[in-house]
Structure formats: structure tokens, C-alpha cells
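# Coordinate analysis (summary)
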Amino acid sequence: MNIKQRIIGLLSEFEKGKYSNILLNEYFSKNNLSKGERGFITEVFYGVIRNDIYLNYQLEKRTKSIKKSWIKNLLKISIYQATFMDSDDKGIAWEATELAKKKFGVPVGKFINGVIRSYLRDKDEEINNLKSEDKLDILYSYPRWFYEKIKKEYQENTESVMISLKKIPYMSIRVNTLKYSEKEFEELLKSLKIDIIKKLDTIYYIDSGVVLHTAEFKEGKIIAQDGSSYLAAKILNPLPGEKVVDTCSAPGSKTAVLAELMNNSGEIYALDIHQHKIKIIEENLKKLGITNVKPIKLDARKLKEQGVKFDKILVDAPCSGYGVLRKKPEALYNKNMVNVKELSSLQYEILESAAATLKTGGELVYSTCTIFSEENTDNIIKFLNNHKNFSVLKFNLPENVNGHFDSVGGFLIDYTEEILDNFYIIKLRKDFE
């Protein structure tokens, strides 16, 4: 099957409501493809989703309604290649035309050829006009409200932020040191001819996802996890024998880091509001060989009603997810500012409930995978104003992690970080009751 036909099929499945990352991982597990083929499919598939607004804008200028999604997706793929990849323009037009002719006949092939060549003639002028007319939202495919919000918060860095959130992500894998070693994992990578892009403690960013289909992954020796998620758990620094709670734990990857740091001793309560996610946590932790965790179905806002006190608490709160758009680009199109404000309120309620259960002298990490102040700095300022018995603790970060500290001492892994997810992390201590 032609590789672009494969991508068209994937885009068709995505349009039916499937999550992009799950869809792609499942496809690669069922199809024997070369490293180059997987790389090309990944870049174009995600690229079309990430740039959907721009691609639709260009199609609407050159066509009336296109009823067949196959044709529309072929055109999107072609325009994406011509705009965002180092591709041969003539080759793009020729290949798309031939594919269309084989599937629908010569007239459709001519239509495809005409649309693509029209775009190629106008491409440079189109891009310059969008920049000069303050339409970066269209050029970089963001909802207008999101663009205005980025301009307000990031000002002269607006374009850099928008470009950063559209970068192609790398696969990130954490070594489960309860079962495996970094040396063994690096030997596995060599045998599979996989390159290391960046290393952060036991987190490896690599240029292939084929490790997800190895025995080592199935046996729980390695786990898919981003460095930002890992850091949120590591910064909490739970000690062996302590009583800890992860308030929003599914699918359990951060919980696993906590358990590993505690050498599988003490107690960790892993909370989630959904029963099916509790089962996922149980399955994942069992595979990883973790035995000190108790998954519990509980709304974290009701934690303070349980009458239990904890030494350490991780509040990785539900959020808008705008820090992980590289991996989940569709999140950009299914939320708005109302959702951000609603999530901010939910996050604050969870934080307050968790804080009430923290022992005196205990420590809490609050984190989100988003970039907006409403869900990060503003929530913490509000919390500290209402809870004078809490203070902010300083913490260290690896030198190869980029970002900035905010006005209250929280760290935002931001647009300057080329590899890790954008993430907000702050550490608090309960000084007295």
C-alpha cells in the first residue's frame, strides 16, 4: 500500500473520534514498517492534525465543498508537505494526481493537480500576507481566542510559543529500576539501532517507538513517560516508609515513580474518579512490579473527608493539556477559555482538599501539563493568600531542562524547551496547622 494511502486511512479513523496517539501506536503494532516509513507517517499524520486550520483555510480558498474525505485528506497531506516539509513541489503534485487518478479516475486527478498547483503558485505570498495581517492564528493553526491569550501572556514571544507547541515530539521512555538498569536499556537501544536524542535521569528520548513492541516493555522493565511528568513526581521526593497520596493518578506512571523512589516500601494511595481507570492503574503497577500502592476510586475533592493524614502529596491536577499539544494536537480544537476557567476552579478545589490532609511539616507538589496562568500561578497565589500556614520550597532541576521560575517560585517548563512537555511544577510545605 502506498504510504500516503496509509496516512489517509489513519486520518479517516481519527475523524471518527479516535485519539491520535492511541490510533498511531495501534497501527504501528499491527503493521510491519521500516523506521523511515514510521517516521514519515508520524510526521505527516500529526502534521496534518496540527495544521488543520491553515490547511482548511487554503482549501476553502481554492475549492467548493469536498464531499469525499479521502480527496480532502490527500489535498491536506500535499499542502502540508509543500509548506512544512523539505519536499519536491513537482513531486508532491505528481504523486497526488496519480493516486487520485487510480482511485477515482482522470477528472479527479486533474482536479487534485489544479488545486495543488494553484497553492504552490501562491504559497509564499499567502504566508507573508497572513503574517502582515496579524493572522498568525491561521498560519500556525490556533483558534483565535488561543492566539489572543498567548499574545496577552507571552507578548513578544508569541510566535515562538506557537511554533514550539507544534513541534514533532520524540518518544520518551523511563527505565523501571526495580526491574532493569540503564545500561541494559542502552544495550537494547543499540541492538535495535535506535538513537538517544536526550537523557534526563532514567528518562530517554529516542527516535523510534519500536521499543513499545519489545518484551522489555511487555514485562514492565520500561514504561512510556515524559520527563516533565517524571520530574513532578521526583521533586516530591517521597522517602521509604512514608504515607503518600497521588490525588489524580491514572494511568499510574507518576505513581510508579513515587513507588520506585520509596523502594516499594511505605504506602501510596492512588486516587482516580473513574473505576475503569483504577483497573488500568492496577494493571500497570502490577506489570511494573510495584506492591506498595493502593488504588482507590475517589474524587480527590473529597479526600479531606476521609480522616487520613499524609507525609507527602502529589496533586497533578486535571488541566486543559495545552502543554502537551505536541503529542495530543487535537486538544487545541476541543476546549475554550470557559473550559480553562472551569478547570482552574476544579484544580483549586483538589489542591485545598489535599492540603487539608497534609501533616504538619509535610510537603506537596502541585503540577499541571498546561501553560496558562489561570491553571498555574494564579491558583497558587490564591491558595497561598488563603493558607498562610503554607510556604513555597525551593527545588533543583537538571541543567538540561529549560524554562523559568514564576513570581511565587513555581517552575514552568516552557516554549524554550525543545524536547520535554510544557509543565508547571511547584513544591509547598505545611509549616503549621
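Scroll up a little and you will see the structure.
Residues numbered from 1 in each chain as written. Predicted model: local features only at pLDDT ≥ 70, side-chain atom pairs only at ≥ 80, totals over all residues. Heavy atoms only, no water.

## Brief notes about the packing of aromatic side chains
- This structure, assessed with the given rule, holds 21 aromatic pairs.
- Ring plane angle 75° and centroid distance 5.5 Å describe the contact between Trp70 and Phe104, whose orientation is recorded as edge-to-face. Of this pair, Trp70 sits in helix H5 (residues 69–84) while Phe104 sits in helix H6 (residues 89–104); the two residues are 34 residues apart in sequence, bridging distant segments of the chain.
- A residue is classified by how much of its surface remains accessible, and Trp70, at 14% relative accessible area, is buried.
- With 5.1 Å between their ring centres and 70° between their planes, Phe383 and Phe390 make a pair best called edge-to-face.
- By relative accessible area, Phe383 is classed as buried at 0%.
- Using a relative accessible area of 7% as the deciding quantity, one classes Phe390 as buried.
- The structure contains a cluster of three or more aromatic residues connected by ring pairs, namely Tyr142, Trp145, Phe146, Tyr322 and Phe372. (Phe/Tyr/Trp six-rings, centres within 6.5 Å; stacked < 30°, edge-to-face > 60°. Helix = DSSP H or I, 4+ residues; strand = E, 2+ residues; numbered from the N terminus. Buried < 20%, exposed > 50% of the residue type's maximum accessible area, 1.4 Å probe, protein only.)

## What to know about the packing of helix H4 (residues 52–62) against H5
- Interaxial distance between H4 and H5 falls to 10 Å at its minimum, and their mutual angle equals 110°. Viewed along their axes, H4 and H5 adopt a mutual orientation that is roughly perpendicular. On H5, the residues that touch Asp52, Tyr54, Leu55, Asn56, Gln58 and Leu59 of H4 are Lys72, Leu75, Lys76, Ile79, Tyr80, Thr83 and Phe84.
- Taken together, the residues of the contact of H4 with H5 sort by class into 7 nonpolar, 3 polar and 3 charged. (Axes fitted to C-alpha atoms, helices over the stretch in contact; angles between N-to-C directions. Parallel < 35°, antiparallel > 145°, perpendicular 65-115°, else oblique. Contact = heavy atoms within 4.5 Å. Nonpolar A, V, L, I, M, F, W, Y, C, P; charged D, E, K, R; others polar.)

Honestly, it's all geometry; don't read function into it.
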